[in-house]
Amino acid sequence: MSGQLSRFGLAGVFFAVSLGFSCVASAQSDKEQASAEIRRTSFGVPHIRAQDERGLGYGIGYAYAEDNLCLLANEIVTVNGQRSRYFGPEQVTLEQRENRVSDVFFNWLNTPQAVSGFWQAQTPQVQQLVEGYVAGFNRALAERKAIGLPEQCASEWVRPITALDLVKLTRRLLVEGGVGQFAEALAGAQPPQATADAGEPRTGFAGAATRQQRFALERGSNAVAIGSERSFNGRGMLLANPHFPWLGGMRFYQMHLTIPGKLDVMGAALPGLPVINIGFSQHLAWTHTVDTSKHFTLYRLQLDPKDPTRYLLDGQSVPMSQQTVTVDIKQPDGQVQSVSRVVYGSQFGPIVQWPGRLDWDDKFAYSLRDANRENDRVLAQWYAMNKAVTLTDLQSAVHEIHGIPWVNTLAVDDQGQSLYMNVSVVPNVDADKLARCSDPRAGLQLIVLDGSRGECAWDIDPEAVQKGIYAADKLPQLLRRDYVQNSNDSAWMVNPSQPLSGYSPLISQQDQPLGLRARFALQRLGQLAKDGPVKVDDLQRMVMDDQVYLADQVMPDLLGFCAGDLGADAVTLTQVCNDLRVWDRTAGLDSGLGFIHFQRIMAQLQGVPDSWRVPFDPQDPRHTPNGLAIERAPVHKAVRQAMLASQASVKAAGLPKDSRWQDIQVASSGSRQTPIHGGPGELGIYNAIQSVPGANGKREVVSGTSYLQVVSFDGKGPRAEGLLAFSISSDPASPYSADQTQAFSKKQWSALPFTEQQIKADPHYQAVIIRERDEAGRVAAH
């Protein structure tokens, strides 16, 4: 596990400062000893109840450590930049990033000043939640050490955590949609002469490019919010279907949090966060989807001809900033050696260097400004959403705090309102400034502004809560009584009856092709409108049907190809065609080789120009593009080659003719393997699942459908059904490490107990009370 889990390095002085600060914070709260009641129901879901925030955090940290101690300990090593120290520099993180790169990045990001500033900016309630979490986690860690740590983390790098460790985790989350995607480019950026002198190989960029391209796929989501005009009982209904990693620091945790009279919320949270990110309460339900807004911009710096570490700004030569980052690196003989590296920056942000894309030569360099580096409001934001009583409360909290980093928000209430908000942290660069300050040939995938002119800095809106970002009321939002939906597309087609348009390209772009998952959702919602009111199982089936939307668009043409003259390769092609013909056009467990062939064929056709018979029409975004233009010679040839290549791959892999998807795609927990349905979201599979080649011809799930919830309401409150696809615990020895995964495999949703009566009636109900520094340990609750 050490090699697999490696990441960053932090200077010893930083650790001393962090520890000292945490001790002071803990001493200040000694007067109030925390206590919490932890009730677990089916699948080990913890329902945590306390009288105040510190007690609630205490219960959360304790329960989380019981289920995911090694996971959080590993992430603490990562965000402290100490992976090279413990695991060696050449090993890679779970994200397949070299440890030394990861360590440079996190030592740069999480400086003592930045971390301390973030902590000081928190509200007293948030600080109490975090301090309680730390105390609860550390108590569980001490108890576990007494009987022996789990095998995967029985090592020196597991230590008690501090409040500042959780701050660092939160800051990592914030930059996931920005500079976090450029770790290699930041860690490797050096002046041209220094690079030539060092002779260092440029490695890791191919993997970095792939991760960047797949960011929205691996952290995407689907969401549907149904209002009173469409729901079966006139109240709101919500489908939450986030697609997040099944491993590591973005793995959701399911829990229910209660402070009587103040807070009662259930849902899922990311590691180290003492708040619910996606969930529901008595009158509300909400979820998030990764947005398409830009959360950073690049600046092209015009360098001083005399010195590549100086840049010209409004005609004046300005020196780049230099931040020395020190990483402790484990040597082959086990000794630890400190290695320093300079990270250069401009007034906009760090210098990033990506060979062939963002080159640092004697004329130009590139600097990156990430809006979320200054976002210290994210924890207060989610806690305010957790406490919201009405949809107006929730919307007001998002507007006033404006701390959501890089996701949309969709919500419903028991009064039948459905709400969409694209209110995240977006650089304030309007279309006019973009036209003046960027090269239109660069396109809009990466926004590159002119760093030689001060006028190209982000605009400042006095109404915004943070300098340089758009004010909340300038961002897209839509309140309706029929529905709103999103599957990682822009705000444009959230509801085609009321397109959202006219925004800066950094906020939302219109007249662009929709993703296939969004087109599937709009098609399914259109069909449901004809069938009658939307019911709970209608929303569940959107995910569990495993329909491959793209197959409906192109299979008639693929079968048309099969019906034609197959030429000299007829025998081989007929085998592929027969498999395609009998395929049920789903990504279900019983789907056969036709699904394997379809994935490979469509992957090879991605780069073929003019392959659509009907091109995209912005006047008909729900139905175009469509059709495979096999009548065009290049497309016909590409289909033939793709089919032949797919059959060769199937043969080389030794897949029997009766192979099914359940024989190939699995989730592993220890020695247990669970077959997983679903497949690549880019094929229009709503149940988006990303898997990578594993052992023995299997594909191992790494991300995709994670926390599922469908919430409806009646006169008594929420009625929720859900699943955590990868289960509560990441410890293979836990009874809760694969139970929900097996339920997900069988498409078995479970009622989520919310009221006291529902919790205590659960057949697996058990309860304990934990009190801070209580030598008697856990007390059984009745």
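Given the structure is predicted, the values throughout are model-derived calculations rather than measurements.

Thresholds, definitions, all that
Residues numbered from 1 in each chain as written. Predicted model: local features only at pLDDT ≥ 70, side-chain atom pairs only at ≥ 80, totals over all residues. Heavy atoms only, no water. pLDDT = per-residue confidence, 0-100. Contact = heavy atoms within 4.5 Å. Helix = DSSP H or I, 4+ residues; strand = E, 2+ residues; numbered from the N terminus. Expected span 1.5 Å × (residues − 1). Bend = angle between axes of the 7 residues up to and from the residue. Buried < 20%, exposed > 50% of the residue type's maximum accessible area, 1.4 Å probe, protein only. Disulfide = S-S within 2.5 Å. Salt bridge = Lys/Arg side-chain N within 4 Å of Asp/Glu carboxyl O. Axes fitted to C-alpha atoms, helices over the stretch in contact; angles between N-to-C directions. Parallel < 35°, antiparallel > 145°, perpendicular 65-115°, else oblique. Nonpolar A, V, L, I, M, F, W, Y, C, P; charged D, E, K, R; others polar. Polar contact = N/O pair within 3.5 Å; in protein donor to acceptor, adjacent residues only side chain to side chain. Phe/Tyr/Trp six-rings, centres within 6.5 Å; stacked < 30°, edge-to-face > 60°. Pairing = 2+ DSSP bridges.

Asks: Explain the confidence of the model for the chain here, please?
Replies: Summing up the model confidence of the chain, the mean pLDDT is 93 and the portion of residues at 70 or higher is 92%. Below pLDDT 50 for its whole length, residues 1-31 participates in 91 contacts with residues either more than four positions away or in separate chains.

Asks: How should I be thinking about the side chain of Ser 750 in this particular structure?
Replies: Residue position: Ser 750 is located in strand S29 (residues 750-751). Ser 750 has contacts with Phe 43, Ala 720, Glu 721 and Gly 722, leaving out every residue within four places of it along the chain.

Asks: What is the right way to look at helix H17 (residues 549-563) in this model?
Replies: The periodicity of an α-helix, 3.6 residues per turn, causes residues three or four places apart in sequence to face the same way. With 15 residues, H17 ought to run about 21 Å at 1.5 Å a step, and its terminal C-alpha atoms sit 22 Å apart, in line with that. Along its length, H17 shows its largest kink, about 45 degrees, at Met 555, and proline Pro 556 lies within four residues downstream of that point. Residues Tyr 549, Leu 550, Ala 551, Gln 553, Val 554, Met 555, Asp 557, Leu 558, Phe 561 and Cys 562 constitute the buried set of H17. Where H17 is buried, its residues contact helix H15 (516-531), helix H18 (570-582), helix H19 (593-605), strand S21 (612-614), strand S22 (626-628) and helix H20 (633-653).

Asks: Sorry if this is basic, but what is going on with the environment of Phe 595 here?
Replies: Topologically, Phe 595 is positioned in helix H19. Separated by 15 residues in the primary sequence, Phe 595 and Leu 580 place their C-alpha atoms 7.2 Å from one another. Contact partners of Phe 595, with chain neighbours within four places excluded, come to Val 548, Trp 583, Thr 586, Ala 587, Trp 661, Pro 680, Leu 683 and Ile 685.

Asks: What is the right way to look at the state of the cysteines in this model?
Replies: Throughout this description, disulfide means a covalent bond between two cysteine sulfur atoms. Per the counting criterion, the structure on display carries three disulfides. Through a disulfide, Cys 70 is tied to Cys 153; the S-S separation comes to 2.0 Å. Because the sign of the S-S torsion sets the handedness, a value of about -60 degrees for the bond joining Cys 70 and Cys 153 places this disulfide among the left-handed ones. One end of the pair, Cys 70, is in helix H2 (residues 53-79); the other, Cys 153, is in the loop between helix H6 (124-147) and helix H7 (163-174), with 83 residues separating them in the sequence. A sulfur-sulfur distance of 2.1 Å marks the disulfide that ties Cys 437 to Cys 456. Negative torsions about the S-S bond denote left-handed disulfides, and the value of about -85 degrees found for Cys 437 with Cys 456 makes this one left-handed.

Asks: I'm lost on the pattern of salt bridges in this one. Help?
Replies: Applying the stated rule across the entire model yields 35 salt bridges. Between Arg 453 and Asp 450 there is a salt bridge; the shortest N-O distance is 3.0 Å. Residue classification places Asp 450 among the partly exposed residues on the basis of a relative accessible area of 22%. The salt bridge involving Lys 474 is made with Asp 473; its shortest N-O contact spans 3.5 Å. With relative accessibility at 39%, the residue Lys 474 sits in the partly exposed group. A relative accessible area of 53% means that Asp 473 is categorised as exposed.

Asks: So what exactly am I meant to see when it comes to the environment of Lys 746 here?
Replies: Tracing the backbone through its elements, the reader meets Lys 746 in the loop between helix H21 (739-745) and S29. Under the relative-accessibility criterion, Lys 746 is labelled exposed at 57%. It is 8.9 Å that separates the C-alpha atoms of Lys 746 and Ile 676, two residues lying 70 residues apart in sequence.

Asks: Explain helix H16 (residues 536-544) here, please?
Replies: Among the nine residues in H16, seven count as buried, and that is most of the element. Every buried residue of H16 is listed here: Val 536, Asp 538, Leu 539, Gln 540, Met 542, Val 543 and Met 544. Asp 546 sits one or two positions beyond H16 and adopts a positive phi of about 55 degrees.

Asks: Just to check I follow, could you spell out the packing of H6 against helix H12 (residues 378-387) for this structure?
Replies: When two helices pack together, their arrangement is given by the angle between the helix axes and by the axis-to-axis distance. Where H6 meets H12, the closest approach of the two axes is 10 Å, and the angle between their N-to-C directions is 95 degrees. In terms of orientation, H6 and H12 fall into the roughly perpendicular class. Two secondary-structure elements touch here, H6 through Gln 125, Val 126, Leu 129 and Val 130 and H12 through Leu 379, Ala 380 and Tyr 383. Residue composition of the contact of H6 with H12, by class: six nonpolar, one polar and no charged.

Asks: Would you mind going over the side chain of His 295 with me for this structure?
Replies: Mapped onto the elements, His 295 comes out in the loop between strand S8 (284-290) and strand S9 (296-304). On the basis of relative accessibility, which here comes to 3%, the residue His 295 falls in the buried class. Side-chain polar atoms of His 295 contact the backbone oxygen of Pro 405, separated by 3.3 Å. A distance of 2.7 Å separates a polar side-chain atom of His 295 from the backbone oxygen of Val 425. Residues within four places of His 295 in sequence aside, it is in contact with Gly 177, Arg 369, Asp 370, Ala 371, Asn 372, Pro 405, Trp 406, Ser 424, Val 425, Val 426 and Pro 427.

Asks: Where do I start with the packing of aromatic side chains in this structure?
Replies: The description of an aromatic ring pair uses the distance of the two centres, along with the angle that the planes make with each other. Taken as a whole and assessed by the stated rule, the structure comprises 18 aromatic pairs. For the pair Tyr 86 and Phe 87, a centre-to-centre distance of 6.5 Å together with 55 degrees between the ring planes defines the contact as tilted. Ring plane angle 80 degrees and centroid distance 5.9 Å describe the contact between Phe 182 and Trp 354, whose orientation is recorded as edge-to-face. Residue Phe 182 is located in the loop between H7 and helix H8 (183-187), and its partner Trp 354 is located in the loop between strand S14 (351-352) and strand S15 (364-370); the two are separated by 172 residues in the primary sequence. Accessibility assignment for this pair places Phe 182 and Trp 354 in one class, buried.

Asks: Is there a simple way to explain the pairing of strand S2 (residues 46-49) in this structure?
Replies: In regular strands, side chains alternate between the two faces of the sheet. Where strand S1 (residues 35-40) meets S2, four bridges bridge the pair, whose relative direction is antiparallel. Within S2, the residue paired with Arg 40 across the bridge is Pro 46. Hairpin connection from S1 to S2: five residues lie between these consecutive antiparallel strands, with Phe 43 at a positive phi of about 65 degrees. Pairing of S2 with strand S5 (residues 253-259), which is carried by three bridges, proceeds in the parallel orientation. In the strand pairing of S5, Arg 49 is matched with Thr 258.

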